[in-house]
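A look at the structure
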Amino acid sequence: MEPILSGEVKVRFAPSPTGPLHIGGARSALFNWLFARRYGGKFVVRIEDTDLERSSRESEENIVSSLRWLGLDWDEGIDVGGPGGPYRQTERLDLYKRYAEQLLANGMAYRCYCSEDELAAQRESQLAAGDMVRYTGKCRDLTPEDCARLEGEGRKPVIRFRVPADKLITVRDKVRGDVNFDCAGIGDFIIVKSDGIPTYNFAVVVDDHFMGITHVMRAEEHLSNTPLQVLLYEALGWPVPAFAHVSLILGKDRSKMSKRHGATSIEQYRELGYLPEALVNFLALLGWSPGTEDEVLTLEQLQEQFSLERVSKSPAVFDLEKLNWLNGYYIRHSSLERITELAVPFLQKAGYLPENPDKTMWEKARLIAAAIRERIEYMDQVTEQARVFFVDPGYEDPQARDILAQEQVPEVFRALQDKLAALPAVLDEETARGLLKKLPKELGLGGKKVYQPLRVALTGKTSGPELHHLLPVLGSQRVITRLQNALAAAGA
RNA sequence: GGCCCCAUGGUCAAGUGGCCUAAGACACCGCCCUUUCACGGCGGUAACCCGGGUUCGAAUCCCGGUGGGGUCACCA
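Let us look at the structure shown here. The structure displayed is predicted, hence computed values, not measured ones.

Let's shift gears to the environment of Pro345. Structurally, Pro345 can be placed in helix α12 (residues 336-349). Here the alpha-carbon distance between Pro345 and Val175, two residues 170 residues apart in the chain, equals 43 Å.

Here the focus is the sheet that holds strand β4 (residues 109-112). The 3 strands lie next to each other as β4-β5-β8, forming an open sheet whose pairing is antiparallel. Unpaired on one side and paired on the other, β4 and β8 (190-192) mark the two borders of the sheet. Here the strands of the sheet are splayed against their neighbours by 45° on average, with no regard to which way each runs. Two strands pair when backbone bridges link them, and β4 and strand β5 (residues 158-161) are joined in this way by 4 bridges, in the antiparallel orientation. Of the residues in β5, the one forming a bridge with Cys112 is Val158.

One turn of the α-helix equals 3.6 residues, which is why residues spaced by three or four share an orientation. With 13 residues, helix α18 (residues 447-459) extends 18 Å from end C-alpha to end C-alpha; this agrees with the ideal 18 Å at 1.5 Å per step. Those residues of α18 that fall on the buried side of the exposure criterion are Val450, Pro453, Leu454, Arg455, Val456, Ala457, Leu458 and Thr459. Elements that come into contact with the buried residues of α18 comprise α14 (382-390), α15 (398-404), α16 (409-421), α17 (429-443) and α19 (467-491). The first or second residue beyond α18 is Gly460, which carries a positive phi of 80°.

We now examine α17. Between its first and last C-alpha atoms α17 spans 22 Å; for 15 residues at 1.5 Å apiece the expected length is 21 Å, and the two agree. Every buried residue of α17 is listed here: Ala432, Leu435, Leu436, Leu439, Pro440 and Leu443. End-on, the buried residues of α17 take up no more than an arc of 135°, which puts them together on one face. α17 presents Glu430, Lys437 and Lys441 as exposed residues on the side facing more than 90 degrees away from its buried surface. The elements touched by buried residues of α17 are α16, α18 and α19.

Here is what the cut-offs are and how they apply
Residues numbered from 1 in each chain as written. Chains lettered and ligands numbered in written order. Predicted model: local features only at pLDDT ≥ 70, side-chain atom pairs only at ≥ 80, totals over all residues. Heavy atoms only, no water. Helix = DSSP H or I, 4+ residues; strand = E, 2+ residues; numbered from the N terminus. Pairing = 2+ DSSP bridges. Axes fitted to C-alpha atoms, helices over the stretch in contact; angles between N-to-C directions. Expected span 1.5 Å × (residues − 1). Buried < 20%, exposed > 50% of the residue type's maximum accessible area, 1.4 Å probe, protein only. Contact = heavy atoms within 4.5 Å. Arc of directions from axis to C-beta.

Written out as structure tokens, the structure is:
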């Protein structure tokens, strides 16, 4: 397998399939995608599944479908294939083996027979002493005879990279500048585990090299791994790619975003009814800014404007309030058709709409969507907002009861009932609007005296959707029922 | 604790030595629109972590402190 030679930009997103796609992973994927698109390069998605214990196909599928849902696509990688494949590390084991052997042969790596228990004890004492935890090099100079003996004892070796004693490694980072590390603080690290599977640090280097990756863009948590990888590139005689470490996304308490900070996977936001473009827009603004006053940006605009120079160095707190605002903005600015389609599953889940809604049911859903779309920030909220259309109110609220007790109320309700009786049972919004509008004048009353009791009677609340949105959804029959119920409740 | 990164309002952030008596957005507050809430419009409160340098001049450069974060696995 030869590296793909090209002068263009090539980046990758390389998640390990140990869980659903995380907010932070999604942002890394997005940044890589934007970078590739901005510079006319290639974007690849590779699965790093060398952790046999925790990796699963289920997670892999979740990651792939979440990426797609966000609107990202890739030129090469899992699911789509490409010249640098396979794109799952467990399917590339021969490749890693070849280079591990090369390193072994030229003495840059060696077998280590220390047991995990021995290592753990050592680590503990180093940590207690306040040193950098690192392998002491116990197996560095084992003779072939030593190895044979240890293997005779049934020990399975790992392969360690021999880290040069006094060397300074400079990581050239596009967002952080040069970052220096002293090899004295780095112990000989494992590149192949005792089961023959390569570790992350080794596999990532081999793959990025053979896949022709020009820029490694990833989260800052990987920064301290980077010198190890640079060492490997040098040992293997391969060119070192450019790095760009993007700072972390933090929870409200300023620690790395995790489950305890609430919804952290893309899937969860999808299920709550967030729109992909809102998430993309929000994520893009977390750690990057366009430098203009624009806040609402489409994927297209983002890919035209994205640049590494504008990626921020400091960590960003995930601000759910702002995501909610942005998502609400997108809901308000999407077509009513789309919002209706998105709302239907939530209405069904609440039992407000049948499994297979017919045309009139869809029309009803459409009216509901129109009535509440300015009041919700994500689609899951339609359940609560739509309640008023389906559940008759109880009139327990004291403030509501006061309003119903006003003296003009019976007259107002009677007037509306009479009007409805004279009309077809199915009302459209125009009719409702016109009818409502004339009411105060006809009764010689102020708007407030008319509308407030009606609102309370129909919803049980003093706030909610516009009355002319309410009537068509409820229909004359239900409106009349609620007016009578309200009167009865007020009299009680 | 060692190593590494970071530091402008509550949050995201613009700012790359004078244009800063520091932008914009979210949140918050007020006013307007309105039958209510919401939406929308207008306005407001609110920040350069501290201390030393460098410089005619520092939010911007340097050093130190402090604070926060990351990382120290046969996980990625």
